[in-house]
Every structure is written in C-alpha cells, then in structure tokens.
Amino acid sequence: MTSHSLRPSRRGVFSAAFALGAATLLPTAASGVARAATGSRRSGGWDGATTPPITDCDGWGAREASEEVVVLGTRPERIIVHHTASANVADYSRERAHALARAIQRFHMDTQGWIDTGQHFTVSRGAFVLEGRHHSLAALESGDRLVRGAHCVGQNSVAIGIENEGTYTTAEPPAAQFSALADLCAHVCRRYGVSPSEIYGHRDFNSTACPGDRLYAMLPRLRQDVALRLGSTQPVEHPRWPVNLPVNWSADPAAAAGSLAEYLPSGLLDPFRAR
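Residues numbered from 1 in each chain as written. Predicted model: local features only at pLDDT ≥ 70, side-chain atom pairs only at ≥ 80, totals over all residues. Heavy atoms only, no water.

## A closer look at the packing of aromatic side chains
For step 1, the next point in the chain: Taken as a whole and assessed by the stated rule, the structure comprises 1 aromatic pair.
For step 2, the next point in the chain: Centre to centre, the rings of Tyr200 and Phe205 are 5.3 Å apart; their planes meet at 75°, and the pair counts as edge-to-face.
For step 3, the next point in the chain: Under the relative-accessibility criterion, Tyr200 is labelled buried at 2%.
For step 4, the next point in the chain: By relative accessible area, Phe205 is classed as buried at 0%.
For step 5, the next point in the chain: If you follow Arg203 out to its NZ or CZ, it ends over the ring of Tyr216, 4.8 Å from the centre. (Phe/Tyr/Trp six-rings, centres within 6.5 Å; stacked < 30°, edge-to-face > 60°. Buried < 20%, exposed > 50% of the residue type's maximum accessible area, 1.4 Å probe, protein only. Lys NZ or Arg CZ within 6 Å of the ring centre and 35° of its normal.)

Structure follows, in structure tokens:
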C-alpha cells in the first residue's frame, strides 16, 4: 500500500476514486480503546470463525483524520492482502505493533498527503491486529458498511485492505502472524458474507511486487485456512479474475515487480516508541 512510486499522479488517482459513489460522512473520532470485535451478524452458512482481538485507533494512539472519513453504505466484495515491506524485525511486542501503526499513519498523512491511514487493518509480526483507517472496525462490526480506503488503486471502495508488517519477497511471515491474518480474514468474510475465494494480493490489481512473492504464493493456503475457520472442508475455488482493473495495471508480474513495492522510509520507527 505504501509505495516507492506513490507520486502525486497516483494520489490524483486516489482522489478521483474517492469522488465516486454515494457516501456517508462520519466524525473522525475513534469509538473506543483496544477491544475485541464480537458477534456474528450474518453467517452465510459459515460458522465457527475465530474472532480476533482488534486494537482500535484510540488503542494505538492514532491522530485524528485530517478530514471526515467516508463510510459507504455497501459491503466489500473482496479482501486485498499487502505487506509493509518494512524490516522483518524480531520485536513482536505490542509496543512495536502500536509504533508501527503510528509510523504508517504519519507516512500516509504527512508524506503522502492522505486524510488518514490508507488500509483498513494491520497485522504486526507479533500477531497483533490493529484498526488502520478510522471507523473501519465499527463498519466491520455493522456488517453492512465499508470505510473508503486508500490501499489499492481502483479497489478502495469495494475491498478491505489488510497490511502485514514485514517484507515477504524471500521470507515467509511468522506462523503466528499468518494465523492472525487468517483469523482476521475469516472474521471479515463472516461479517460481510465474502467468500474465501475473494482474497487477493495487491499485485492482482496494481503494478506492484506487493505482498511479496512468498506471501503471495501463500494466498491459496490462506483461502483454505479461512474456509476451514468458517466451517467448510471443501476446496476453495480459484478466485475470479479481478474486474475493473486500473488502466495502468500490468498483467506481467516480472514487469510489475518493484514498480510499487511498499516501504516505510528509513528511520520512521526510530525510536519506535515515539508518537
């Protein structure tokens, strides 16, 4: 989602996408402190999904959004998986996870000029799940609303974006992080009635190496793990090829590699506990 080539022209694409569709404007204040998302509004025939604890924006010390966050009265059609392309640190603490969330928000707001964090949720290498853009957790709990994000060109009004801390080009995510990602995806699928087959990587839609070759190769396993959490033992069908692709999308992964590789600028987390 964050990117080496996130230039003003790409921001213009995001701005144009933000102008599309009917929307509801909600206040920017977060709804509470760290908490677990609970309950199931609609199972769609799936049951037993693990409900992960999700720290909301207040819980990790988010700034207020610079403008009112747009909440759409529609459900997402899919989930898009990202990696931060930051260091594969061995610090799995909650403090590190919260610092990461603050660093991402600073980068997105102060450098990219966005109104808030771009993605809906973040999963740290220590398996902590955090709300990204304000109101994403409340919208998820409602089961029928979606916060308009800024994580994938052409998909920000129809897809949930999940960032995973780390760089997964040649390394796989820690087992606990991957399990937390599966728990979160299962919860999203259950709340919104999204099929596990509708889990994609960022590179499926934009010219980018994200979420890294190794994590991207794990998406079939992720879809199956999510289905199992939802009570299905049937093989997950191959996802439908993405629709409404941006005009600058490339079908050649080799050509795409490195084009929009995500990153956080060096030093943004030093010292990582700074607000």
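## Side note on the pairing of strand 4 (residues 69–72)
For step 1, the next point in the chain: Of the two faces of strand 4, the one carrying Val69 and Val71 and the one carrying Val70 and Leu72 are both buried.
For step 2, the next point in the chain: Relative to strand 8 (residues 146–147), strand 4 runs antiparallel, the two sharing 2 bridges. Residue pairing for strand 8: Leu72 is matched across the bridge by Leu146. (Helix = DSSP H or I, 4+ residues; strand = E, 2+ residues; numbered from the N terminus. Pairing = 2+ DSSP bridges.)

## Focus on the pattern of salt bridges
For step 1, the next point in the chain: Scanning the entire structure with this criterion turns up 8 salt bridges.
For step 2, the next point in the chain: Ionic pairing is found between Glu77 and Arg78, a salt bridge with its closest N-O pair at 3.4 Å.
For step 3, the next point in the chain: Taking the relative accessible area as the measure of exposure, Glu77 reaches 42% and is therefore partly exposed.
For step 4, the next point in the chain: Across the salt bridge formed by Arg221 and Asp225, the nearest N and O atoms sit 3.7 Å from each other. A residue pair is termed a helical-turn pair when its members lie 3 or 4 positions apart in one helix, as Arg221 and Asp225 do in helix 7 (residues 219–229) at 4 residues. (Salt bridge = Lys/Arg side-chain N within 4 Å of Asp/Glu carboxyl O.)

## With respect to the pairing of strand 5 (residues 78–83)
For step 1, the next point in the chain: With respect to burial, strand 5 is a largely interior element, 6 of its 6 residues being buried.
For step 2, the next point in the chain: Side-chain alternation along strand 5 places Arg78, Ile80 and His82 on one buried face and Ile79, Val81 and His83 on a second face that is also buried.
For step 3, the next point in the chain: Alignment of strand 5 against strand 9 (residues 159–164), held across 6 bridges, turns out to be parallel. The residue bridging His83 from the neighbouring strand is Asn164, located in strand 9.

## What to know about helix 7
For step 1, the next point in the chain: When helix 7 is considered as a whole, its buried residues turn out to be Leu219, Leu222, Arg223, Asp225, Val226, Ala227 and Arg229.
For step 2, the next point in the chain: Buried-residue contacts for helix 7 involve strand 5, helix 5 (175–192), strand 10 (199–201) and helix 6 (213–217).
For step 3, the next point in the chain: Taken from the residues just after helix 7, Gly231 is the one with a positive phi, measuring 90°. (Contact = heavy atoms within 4.5 Å.)

## Quick look at the packing of helix 5 against helix 7
For step 1, the next point in the chain: The contact between helix 5 and helix 7 brings their axes to 9 Å, and the two run at 60°. On the basis of their axis angle, the class for helix 5 and helix 7 is oblique. The element helix 5 and its partner helix 7 pack so that their crossing is right-handed. Residues Phe178, Ser179, Leu181, Ala182, Asp183, Cys185, Ala186 and Cys189 of helix 5 form the contact with helix 7, whose participating residues are Arg221, Leu222, Asp225, Val226 and Arg229.
For step 2, the next point in the chain: Of the residues contributing to the contact of helix 5 with helix 7, the split by class is 8 nonpolar, 1 polar and 4 charged. (Axes fitted to C-alpha atoms, helices over the stretch in contact; angles between N-to-C directions. Parallel < 35°, antiparallel > 145°, perpendicular 65-115°, else oblique. Left-handed = near helix turned anticlockwise from the far one by under 90°. Nonpolar A, V, L, I, M, F, W, Y, C, P; charged D, E, K, R; others polar.)

## Details of the side chain of Arg78
For step 1, the next point in the chain: With respect to the helices, strands and loops of the structure, Arg78 is situated in strand 5.
For step 2, the next point in the chain: With relative accessibility at 3%, the residue Arg78 sits in the buried group.
For step 3, the next point in the chain: In terms of polar contacts, Arg78 uses its side chain to reach the side chain of Gln155, at 2.6 Å. (Polar contact = N/O pair within 3.5 Å; in protein donor to acceptor, adjacent residues only side chain to side chain.)

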